[in-house]
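This is what each chain is made of:
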Amino acid sequence: MSDAEATFSSWIGTTELLEDDLSPAQAYAAAATLDDTTTMINGNATLPPLWHWFYFVPRAPQSKLSSDGHPERGGFLPPIPYPRRMFAGARLTFYRPLLLGRTAQRKGEIRNIVQKSGRSGNLAFVTVGYQFYQQGILCLEEEQDIVYREPGPPVPAPVPAELPPVPEGAWTRTVTPDPRLLFRFSALTFNAHRIHYDRPYATNEEGYPGLVVHGPLTAVLLLELVRHSTNRRITGFSFRGQAPLFDLAPFRLVATPEEERVMLEAQGPDGRVALSAVAELG
């Protein structure tokens, strides 16, 4: 084990406890951003699956932000120096809905840190576990995969191609990820990472062909497609990012229902799967 690996491994087991009053105001803003005019929002309403991402947001002081917009490294998350940071995937179990207008707690723990060397350079994988409680009752559990990468070559723009046929019985939606949507989602999650709203930074500093669509935004849009297409309760959700999406062209969401689950894909304009997911139904 290198000195750096030994240093980072010392973060395993680090914990964090946050509280949030789950104000309906944030849910109203989320509904507006998602063009959702049907979800009931008031002081007694339940929070839709994944909308907890709009709460418990990081509130680093402006003076503590790095040049890329992320909070300075260290603290709860380890100070891994690789500049490209991505929310690469997650696994969630929904036991009972969180209720708006009532205080909830989020308990976080760094569960694992693994460093590897890949074709694109050095990487570090950080696994973070979260448990969400309300009135002392466990409402949902989540495990996130955060990936840190070294700088790499510029990322080429996707070449539009004919998309594959949609499976019979699938639910679909086409999303146009314009800068307004990306900016509003960044505001909802208090995410100042500049790749999502600062085009010169995204293209000149990090080598992307356009603004990068948030992985969590794509995940939320996929699960919203499920939520608005079935009356069955969503009991679990997992996703894995496979390729970035940009604000250069529309992308397609495809949800294929099975007996107890829904298979999900976000397909880029080149037909490549950018994010794959599974929603479990109760």
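Residues numbered from 1 in each chain as written. Predicted model: local features only at pLDDT ≥ 70, side-chain atom pairs only at ≥ 80, totals over all residues. Heavy atoms only, no water.

**Here's the deal with the pattern of salt bridges**
Opposite charge on two side chains permits pairing when their charged atoms draw close. Taken as a whole and judged by the stated rule, the model has 12 salt bridges. The partner of Arg180 in a salt bridge is Asp178, with the nearest N and O atoms 2.6 Å apart. Close ionic contact of Arg227 with Glu224 constitutes a salt bridge, the shortest N to O distance being 2.9 Å. One end of the pair, Arg227, and the other, Glu224, are both in helix α5 (residues 215-227), three residues apart, so they sit about a helical turn from each other. Because the salt bridges share partners, they merge into one network encompassing Arg91, Arg111, Glu143 and Asp145. (Salt bridge = Lys/Arg side-chain N within 4 Å of Asp/Glu carboxyl O. Helix = DSSP H or I, 4+ residues; strand = E, 2+ residues; numbered from the N terminus.)

**Examining the layout of surface pockets**
Estimates place the volume of the second largest pocket at around 470 Å³. Taken together, 23 residues line the second largest pocket, and the ones lying closest to its centre are Thr46, Leu47, Pro48, Pro49 and Arg227. Class assignment of the residues belonging to the lining of the second largest pocket gives a composition of 13 nonpolar, six polar and four charged. (1 Å grid on protein atoms, 1.4 Å probe; cavity = no way out; pocket = protein on both sides within 12 Å on 5 of 7 lines; lining within 4 Å. Points joined across faces, edges and corners; volume = space filled by probe spheres on them. Nonpolar A, V, L, I, M, F, W, Y, C, P; charged D, E, K, R; others polar.)

**Structural notes on the packing of helix α2 (residues 24-33) against helix α3 (residues 179-188)**
Relative placement of two packed helices is described by the angle separating their axes and the distance separating the axes. Put simply, α2 and α3 touch, their axes get as near as 10 Å, and they point 165 degrees apart. For the element pair α2 / α3, the angle class is roughly antiparallel. The handedness of the crossing between α2 and α3 comes out as left-handed. The segment α2 lies against α3, with Gln26, Ala29, Ala30, Ala32 and Thr33 engaging Leu181, Arg184, Phe185 and Leu188. Residue composition of the contact of α2 with α3, grouped by class: six nonpolar, two polar and one charged. (Axes fitted to C-alpha atoms, helices over the stretch in contact; angles between N-to-C directions. Parallel < 35°, antiparallel > 145°, perpendicular 65-115°, else oblique. Left-handed = near helix turned anticlockwise from the far one by under 90°. Contact = heavy atoms within 4.5 Å.)

**Some details on the packing of aromatic side chains**
With the rule as written, the count across this model stands at nine aromatic pairs. Counting every residue linked through ring pairs, the aromatic cluster contains Trp53, Phe87, Phe237 and Phe239. Arg84 extends its terminal NZ or CZ atom over the ring of Tyr208, reaching a point 5.2 Å from the ring centre. Here the basic side chain of Lys116 rests over the ring of Phe125, its NZ or CZ set 5.4 Å away from the ring centre. (Phe/Tyr/Trp six-rings, centres within 6.5 Å; stacked < 30°, edge-to-face > 60°. Lys NZ or Arg CZ within 6 Å of the ring centre and 35° of its normal.)

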